[in-house]
Amino acid sequence: MDAMRVTYLEEANDLLSNLERALLALETNSNDKSYIEEVFRVMHTLKGNSSMFGLPLIAEFVHDLETIYDKIRVGEMALSKDLLDCTFLCLDHLKIIIHDSDLNNQINRDNHENLIHQITDFINQKKSDDTSKNSENIQPSLKTFHITFEPQPTIFENGTNPLFLLAEIASMGKSQAIPHFKSISKLTDYSVDSCFTYWDIYLETEKTDKDIMDVFVFVEDCSKIEITELPGINLLNNTTFTDLISKNQYQDLKTDKEEITSLATSLLTEVKPETAKQEVAVKTTEKTEIVAKGKKEKTISSIRVSSDKLDELMNLVSELVTTQAGLSLFVANNKIAELELITENVEKLSRRLRDTAFGMTLVPINNMFGRFQRMVRDVSGVLGKEIEFITEGGETELDKTIIETLTDPLMHILRNSLDHGVEKGEERIAKGKPASGKVILKAFYSGVFVYIQITDDGKGIDVEAVRAKAISKGIIKATDYLSEKEVFDLIFYPGFSTAQKVTDVSGRGVGMDVVKRNITDLKGSIIVDSKINEGTTLTIKLPLTLSIIDGLLVSIDSVNYIIPLSVITKCFSVNNKDMIGSFNNLIVLDEEQVPFIHLREEFGYNSLAAGQSQMIVVNNGERKVGISVDNIIGEYQAVVKPLGKYYKKQDFVSGASILGDGTIALVLDTNKVIDLYTQNTQKEEKSWQLN
């Protein structure tokens, strides 16, 4: 695929996403004209892009659709549900045919013709209404414009073909384009990639000067464009006028506007007696309105960058951070004063570069929310449920890699909420609830984590039903005691479902296990909270990024580990005898009893420990837990690399990092370490009770 085609697809996808958001907003705020303007603007831009890239089938399709919304915005047509449904179908069709612009696929071709018929019916319906009401009063309001279109020589570099713009102008009415060729003084100034042609265009149309200017919206920065309304009509049928405007064609001569305006005025005087009875608005002054002039100064606030280049940038930054760590270690070992200063500066720069590069990979979650709004609209319609979908915190940003992986799990959770969570209207009314259900998708920051919550006000999860289903499937025993949280976690068991029947939307028990696995792969966690007849909330906790973290480098028996700084609250030096002699692995720190895990013991190190250890207190949900290590080496920027397949099941290790001396440090997931320790302890206690 050539670069221009890729650019078109990227821009078209963005525009279609914007169009979908605007249509969804318009559906719930049909009286808000700003949304109608937004829909029209996006359609117009998409049409212009498609025309500019030589995709006439798409451009014509969008043009017809745009015509309808143009009539709505000027009050000539009313918005209806049927029209919105048709527009959504057209939107889905456009998402497909931007990849099949010649309609080679028969299904796309049939769908295209069917939608064009529907669009035409809407337009004809409007025309029929107009004809019945105003057929005797409508008078044409033609105007004649002179347009100067002088592209810069570099216009071809951005993929613009000026002839497509001339064709679009010609479609507005009767036109005549007079080409001129710029003189080239030296042969060396000539280039086959440069444009040396400019045009005088004469257009007789019902359109306004703003409509004409819209044609040039993408080239106004690289072209001189002037639009002047001429007095008189039917000028292009007058041989005196056409002879005058044609005399300088193909020459590098500027048009004398005063001469043309004067001639048009004199022709108006001549034809005035014959047209006196016609109520046609004609300007008789020589006032010239220049709508737009040449080049405008604009501030470029953002540019489009390939995601592959961002990935490459992050990889290079990761390598730089690793190399910088090696440099710091070398300086520390060799005590070279001059090099120490340079190393400090390199460290500062690499940290700033890391933060900047990391910021460039963050994407607002709102980009993902748009597709969910459409899905909720469609699925609720299929299920016959009235559901209000609310999104909050769309400005929250996440690593683009996380967002790409997160879309499917969120989609699955939402479909479950719609199908099994929110009740139908009559059932809700019988429970004393509003007939309309509510689903809230919310994102927010907390520390260095991002939380995403999906909340519905539906029937909730029946703990006893889940437990009974788990027993019947042999997942748990009838004698097993599970807390409410552990029962809720059973819904993530593969193949588990309490749904009475399978629907097209959900209910096969396939998916929630994949949801949890995907979130776990992102180093995240998911918590379920539910109350019968009040609703369910699923909370997903995710790290901001997966690639580089600020960690605390520690060691146990000369083996290095990294603990993320984000989970650490405080560090203490403790005597080993206090840990060994403690009751229930509790130790007093800052006059507070804190449970702890002796990592040296848990990891099975048999070497003799020193007299003192370091106790690192970390957050584990709403409680604090101590983790003991032999030594704290210091803070460390860790470039986290994934572990190989042989370590895939060791989920208490979230990755590994290469240190400055080339050795490996494992990055610990402290929550998983604590969970694993708790599970092992409970198993030992049960085994002890049975014996």
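This structure is a prediction, so every number in the text was calculated from the model and none was measured.

## Describing the confidence of the model for the protein
Reading predicted coordinates in detail is not appropriate for stretches of low pLDDT.
For step 1, the next point in the chain: Looking at the protein, the pLDDT average stands at 81 and 88% of residues meet or exceed 70.
For step 2, the next point in the chain: Under a pLDDT of 50 for its full length, residues 135-140 has, in the predicted model, two contacts with residues more than four places off or in other chains.
For step 3, the next point in the chain: Overall, residues 271-298 carries pLDDT values under 50, and its contacts beyond four positions in sequence, including any with other chains, amount to 34 contacts.

## Considerations on the sheet that holds strand β14 (residues 568-575)
For step 1, the next point in the chain: Spatially, the five strands line up as an open sheet ordered β14-β17-β18-β16-β15, and their pairing is mixed. Each end of this open sheet is capped by a strand with a single partner; those strands are β14 and β15 (586-589). Within this sheet the neighbouring strands show an average axis-to-axis angle of 40°, counted without direction.

## Considering the state of the cysteines
For step 1, the next point in the chain: For the coordinates displayed, the defined rule picks out zero disulfides.
For step 2, the next point in the chain: With no disulfide of its own, C195 lies 9.8 Å from the sulfur of C222, the closest cysteine sulfur.
For step 3, the next point in the chain: The exposure class of C195 is buried, given its relative accessible area of 4%.
For step 4, the next point in the chain: The exposure class assigned to C222 is buried, which follows from its relative accessible area of 11%.

## Some remarks on helix α6 (residues 162-170)
For step 1, the next point in the chain: What α6 keeps buried is the set P162, L165, L166, E168 and I169. Viewed end-on, α6 has its buried residues packed into an arc of 160°, placing them on one side of the element.
For step 2, the next point in the chain: Where α6 is buried, its residues touch α2 (33-52), β1 (143-151), β2 (173-181), β3 (197-205) and α7 (209-215).

## A word on empty space enclosed by the protein
For step 1, the next point in the chain: Scanning the entire structure with this criterion turns up three cavities of 30 Å³ or more.
For step 2, the next point in the chain: Lining the largest cavity are H44, K47, G48, S51, M52, L165, E168, D214, V215, V217 and F218.
For step 3, the next point in the chain: Looking at the lining of the largest cavity, the elements with two or more residues in it are α2, α6 and α7.
For step 4, the next point in the chain: With five residues, the single largest contributor to the lining of the largest cavity is α2.
For step 5, the next point in the chain: Counted by class, the lining of the largest cavity contains five nonpolar, three polar and three charged residues.

## Some remarks on the packing of aromatic side chains
For step 1, the next point in the chain: Taken as a whole, this structure holds seven aromatic pairs when the rule is applied.
For step 2, the next point in the chain: Between F444 and Y451, the aromatic rings sit 5.5 Å apart at their centres with planes inclined by 10°, giving stacked as the arrangement.
For step 3, the next point in the chain: With relative accessibility at 18%, the residue Y451 sits in the buried group.
For step 4, the next point in the chain: For the pair Y561 and F603, a centre-to-centre distance of 5.5 Å together with 45° between the ring planes defines the contact as tilted.

## Examining the nonpolar core
For step 1, the next point in the chain: By size, the foremost hydrophobic cluster in this structure holds 48 residues, and its most contacted members are I365, L398, L406, I452, I454, I540 and L542.
For step 2, the next point in the chain: Setting aside anything within four residues of it in sequence, one finds I540 in contact with L410, I413, V450, Y451, I452, I454, I519, S525 and I526.
For step 3, the next point in the chain: Formed by 38 residues, the second largest nonpolar core is a distinct cluster that contains L9, L19, L65 and C90.

## Examining a negative patch on the surface
For step 1, the next point in the chain: Together, E601, E602, E684 and E685 make up a region of like negative charge exposed at the surface.
For step 2, the next point in the chain: Only α19 (599-602) and α20 (670-690) provide two or more residues apiece to the negative patch.
For step 3, the next point in the chain: Within the fold, E685 resides in helix α20.

## So, the sheet that holds strand β6 (residues 387-392)
For step 1, the next point in the chain: If you walk across this open sheet you meet the five strands as β6-β8-β9-β11-β10, and the pairing is mixed. The outermost strands of the open sheet, each flanked by one partner alone, are β6 and β10 (525-531). Across this sheet, the average inter-strand angle for adjacent strands is 10°, counted without regard to direction.
For step 2, the next point in the chain: In the packing of helix α12 (residues 366-383) onto the sheet, contacts are made with β6 and β8 (437-446), and the angle to β6 comes to roughly 170°.

## Let's talk about the side chain of S530
For step 1, the next point in the chain: Of note, S530 is situated in strand β10.
For step 2, the next point in the chain: A polar contact is formed between the side chain of S530 and the backbone oxygen of G535, at a distance of 3.3 Å.
For step 3, the next point in the chain: For S530, the residues in contact, after removing those within four places along its chain, are G460, I461, F488, G535 and T536.

## Points about the pairing of strand β12 (residues 548-556)
In summary, the side chains of a regular strand alternate between the two faces of the sheet.
For step 1, the next point in the chain: For β12, the tally of buried residues reaches eight of nine residues, placing the bulk of the element in the interior.
For step 2, the next point in the chain: Here eight bridges tie β12 to strand β19 (residues 631-639), and the two strands are oriented antiparallel to one another. Opposite I548, over in β19, you have V639 as the bridge partner.
For step 3, the next point in the chain: The hairpin formed by β12 and strand β13 (residues 559-564) contains two residues between the paired strands, and D557 there has a positive phi angle of roughly 55°.

## Focus on the environment of R371
For step 1, the next point in the chain: Structurally, R371 can be placed in helix α12.
For step 2, the next point in the chain: According to the relative accessible area criterion, R371 is partly exposed, its value standing at 42%.
For step 3, the next point in the chain: In sequence terms R371 and S17 are 354 residues apart; their C-alpha atoms lie 7.8 Å from each other.
For step 4, the next point in the chain: Once residues within four sequence positions are removed from consideration, R371 is found in contact with E20, T407 and M411.

## Focus: unusual backbone geometry
For step 1, the next point in the chain: Phi at D557 takes a positive value of approximately 55°, unusual for a residue other than glycine.
For step 2, the next point in the chain: For D557, the position within the fold is in the loop between β12 and β13.
For step 3, the next point in the chain: On the accessibility criterion, D557 (31% relative accessible area) is partly exposed.
For step 4, the next point in the chain: Despite not being glycine, N585 shows a phi value in the positive range, around 50°.
For step 5, the next point in the chain: Relative to the elements of secondary structure, N585 occurs in the loop between α18 (576-580) and β15.

## Quick word on the pattern of salt bridges
For step 1, the next point in the chain: Within the structure shown, the criterion is met by 27 salt bridges.
For step 2, the next point in the chain: Between E423 and K433 there is a salt bridge, with its nearest N and O atoms 2.9 Å apart. Pair noted here: E423 is in the loop between α13 (400-421) and α14 (425-430) and K433 is in the loop between α14 and β8, with a separation of 10 residues, a long-range link. Accessibility assignment for this pair places E423 and K433 in one class, buried.
For step 3, the next point in the chain: Across the salt bridge formed by K570 and D590, the nearest N and O atoms sit 2.8 Å from each other. Note that K570 is positioned in strand β14 and D590 in the loop between β15 and β16 (592-598), a separation of 20 residues in sequence.
For step 4, the next point in the chain: The partly exposed category is assigned to K570, whose relative accessible area is 43%.
For step 5, the next point in the chain: For D590, a relative accessible area of 51% gives the class exposed.
For step 6, the next point in the chain: If you follow the salt bridges from partner to partner, you end up with E20, E27, K81, D85, D92, K95, R374, R377 and D378 in one network.

## Examining the pairing of β1
For step 1, the next point in the chain: Taken across its nine residues, β1 has eight buried, putting it largely inside the fold.
For step 2, the next point in the chain: One ladder, built from seven bridges, connects β1 with β3; its direction is antiparallel. Looking at the pairing, K143 lines up with T205 of β3.
For step 3, the next point in the chain: One ladder, built from eight bridges, connects β1 with strand β4 (residues 223-230); its direction is antiparallel. Across the sheet, H146 pairs through a bridge with T228, a residue of β4.

What counts, and where the lines are drawn
- Residues numbered from 1 in each chain as written.
- Predicted model: local features only at pLDDT ≥ 70, side-chain atom pairs only at ≥ 80, totals over all residues.
- Heavy atoms only, no water.
- pLDDT = per-residue confidence, 0-100.
- Contact = heavy atoms within 4.5 Å.
- Pairing = 2+ DSSP bridges.
- Helix = DSSP H or I, 4+ residues; strand = E, 2+ residues; numbered from the N terminus.
- Axes fitted to C-alpha atoms, helices over the stretch in contact; angles between N-to-C directions.
- Disulfide = S-S within 2.5 Å.
- Buried < 20%, exposed > 50% of the residue type's maximum accessible area, 1.4 Å probe, protein only.
- Arc of directions from axis to C-beta.
- 1 Å grid on protein atoms, 1.4 Å probe; cavity = no way out; pocket = protein on both sides within 12 Å on 5 of 7 lines; lining within 4 Å.
- Points joined across faces, edges and corners; volume = space filled by probe spheres on them.
- Nonpolar A, V, L, I, M, F, W, Y, C, P; charged D, E, K, R; others polar.
- Phe/Tyr/Trp six-rings, centres within 6.5 Å; stacked < 30°, edge-to-face > 60°.
- Core = buried A, V, L, I, M, F, W, Y, C linked by side-chain atoms within 4.5 Å.
- Patch = residues over 30% accessible without salt bridge, like charges linked within 9 Å, V, L, I, M, F, W, Y side chains within 5 Å.
- Areas by Shrake-Rupley, 256 points an atom, 1.4 Å probe, with all protein chains shown as cover.
- Salt bridge = Lys/Arg side-chain N within 4 Å of Asp/Glu carboxyl O.
- Lys, Arg positive; Asp, Glu negative; His and termini not counted.
- Charge placed at Lys NZ, Arg CZ, Asp CG, Glu CD.
- Polar contact = N/O pair within 3.5 Å; in protein donor to acceptor, adjacent residues only side chain to side chain.

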